[in-house]
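Close look at the chain arrangement
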Amino acid sequence: MKTPYYKTIGNEVELFKHAFHNQLPVLIKGPTGCGKTRFITYMAAQLDRPLYTVACHDDLTAADLVGRHLIGNNSTYWSDGPLTRAVREGAICYLDEVVEARKDTTVILHPLTDDRRVLPIERTNENLQAPPEFMLVVSYNPGYQNLLKGMKPSTKQRFVGLRFNYPTPNIEQEIISSETGIDADLAKRLVNLTNALRQLKEHDIEEAASTRLLIYAATLIKQGFDPVEACRAALIEPLSDDLETVAALMEIVTASFG
């Protein structure tokens with residue numbers, strides 16, 4: 001597996017490695033686009049383990065994770081889901097935005113997140129023992145939690161927790177320069193603009209501008225697109241559907257790049 005670029009911010013790499021070697025599941029909390037998925041991809045490459053990523057959603061069922069019987073060639077056969085494949089192969093299984101999944105689905109994770117490390121598969125009458133190399137990782141955005149979509153305390157306490165946030169300005173400048181190849185001066189201007197937009201969170205916009213969006217804007221500019229229009233397309237339009245809010249945010253962009 002090719003190792004993607006990742007800039008270490010704290011002790012997250014060391015903690016993840018210790019969790020892996022001690023068969024501990026990991027929970028990662030952080031806002032949208034702050035690097036959670038990139039970090040998991042990076043760690044899977046560092047540890048030389050296959051990675052199964054599942055984007056969780058309202059309709060995700062236990063069968064989607066574990067597997068189901070399918071019909072083919074006039075007979076039925078069992079097809080493993082991504083969680084089961086990860087357990088069999090000693091891979092890392094990453095459930096992205098796990099709180100989006102139905103609560104009755106996440107219950108199947110419990111036997112894998114304690115000292116049993118077992119995945120019961122009722123339909124095949126298997127108790128699949130996870131090998132030492134298997135690791136379960138889940139993530140969610142705490143800002144989106146509510147009474148209906150939150151992780152139960154009894155589930156949270158089965159994991160080692162990591163909290164992510166957006167990088168400091170200097171680190172974020174280094175990240176977008178490394179990812180896109182833009183020069184340091186432009187990277188600094190983009191990061192300063194993004195941090196100005198982030199100050200408006202919970203006032204005019206629901207979610208802060210992410211590092212991911214910042215990289216999108218830098219990519220467009222690097223390829224010769226107009227900087228103001230690149231910021232509109234990559235930073236502003238994804239943040240709000242309200243025309244007045246977009247116009248107000250574009251004034252900040254114009255002040256920076258106009």
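The following paragraphs examine the structure supplied in this document. (Residues numbered from 1 in each chain as written. Predicted model: local features only at pLDDT ≥ 70, side-chain atom pairs only at ≥ 80, totals over all residues. Heavy atoms only, no water.)

Some thoughts on the overall build of the protein chain
- Broken down by element type, the protein chain carries 11 helices and nine strands.
- Taking all 258 residues of the protein chain together, 47% fall into the buried category.
- The contacts in the protein chain between residues at least 6 apart in sequence include a share of 71% that link residues at least 24 apart.
- Summed over all atoms, the accessible surface of the protein chain reaches about 13,300 Å², with 49% contributed by carbon and sulfur.
- Of the side-chain charges in the protein chain, 27 are positive and 33 negative, and the distance between the mean point of each set is 6 Å. (Helix = DSSP H or I, 4+ residues; strand = E, 2+ residues; numbered from the N terminus. Buried < 20%, exposed > 50% of the residue type's maximum accessible area, 1.4 Å probe, protein only. Contact = heavy atoms within 4.5 Å. Areas by Shrake-Rupley, 256 points an atom, 1.4 Å probe, with all protein chains shown as cover. Lys, Arg positive; Asp, Glu negative; His and termini not counted. Charge placed at Lys NZ, Arg CZ, Asp CG, Glu CD.)

Comments concerning the packing of aromatic side chains
- All told, the structure shown has four aromatic pairs when counted by the stated rule.
- When the centroid spacing of 5.3 Å and the interplanar angle of 50° are considered together, the rings of Y6 and F39 count as tilted. Of this pair, Y6 sits in the segment before α1 (12-21) while F39 is found in helix α2 (residues 36-46), placing the two residues 33 residues apart along the sequence.
- By relative accessible area, Y6 is classed as buried at 13%.
- Overall, F39 belongs to the buried group, its relative accessible area being 0%.
- Pairing F39 with F164 gives two aromatic rings, centres 5.2 Å apart and planes at 55°, and the pair type is tilted. Here the residue F39 occupies a position in helix α2, and F164 occupies one in the loop between β9 (160-163) and α7 (169-180), the gap between them amounting to 125 residues.
- Linked through ring pairs, Y6, F16, F39, Y42 and F164 together constitute an aromatic cluster.
- A cation sits over an aromatic face here: R198 above Y166, 4.2 Å from the ring centre. (Phe/Tyr/Trp six-rings, centres within 6.5 Å; stacked < 30°, edge-to-face > 60°. Lys NZ or Arg CZ within 6 Å of the ring centre and 35° of its normal.)

Some thoughts on the pairing of strand β3 (residues 67-72)
- The sheet contact formed by β3 and strand β4 (residues 75-80) spans six bridges and is antiparallel. Across the sheet, the residue bridging to G72 is S75, located in β4.
- From the end of β3 to the start of β4, which pair antiparallel, there are two residues, and N73 there has a positive phi angle of about 55°. (Pairing = 2+ DSSP bridges.)

What about the pattern of salt bridges?
- Counting across every chain of the model gives nine salt bridges.
- Between E126 and R88 there is a salt bridge, with the nearest N and O atoms lying 3.1 Å from each other. Separated by 38 residues along the polypeptide, E126 in strand β7 (residues 126-129) and R88 in helix α4 (residues 82-89) bring together distant segments of the chain.
- Here E229 makes a salt bridge to R232, at a shortest N to O gap of 3.5 Å. Remark: R232 and E229 occur in helix α10 (residues 227-236); sequence separation between them is three residues, near one turn of the helix.
- Taking relative accessible area as the criterion, E229 reaches 34% and is therefore assigned partly exposed.
- By relative accessible area, R232 is classed as partly exposed at 30%.
- Residues joined by salt bridges that share partners form a network here, namely D80, R88 and E126. (Salt bridge = Lys/Arg side-chain N within 4 Å of Asp/Glu carboxyl O.)

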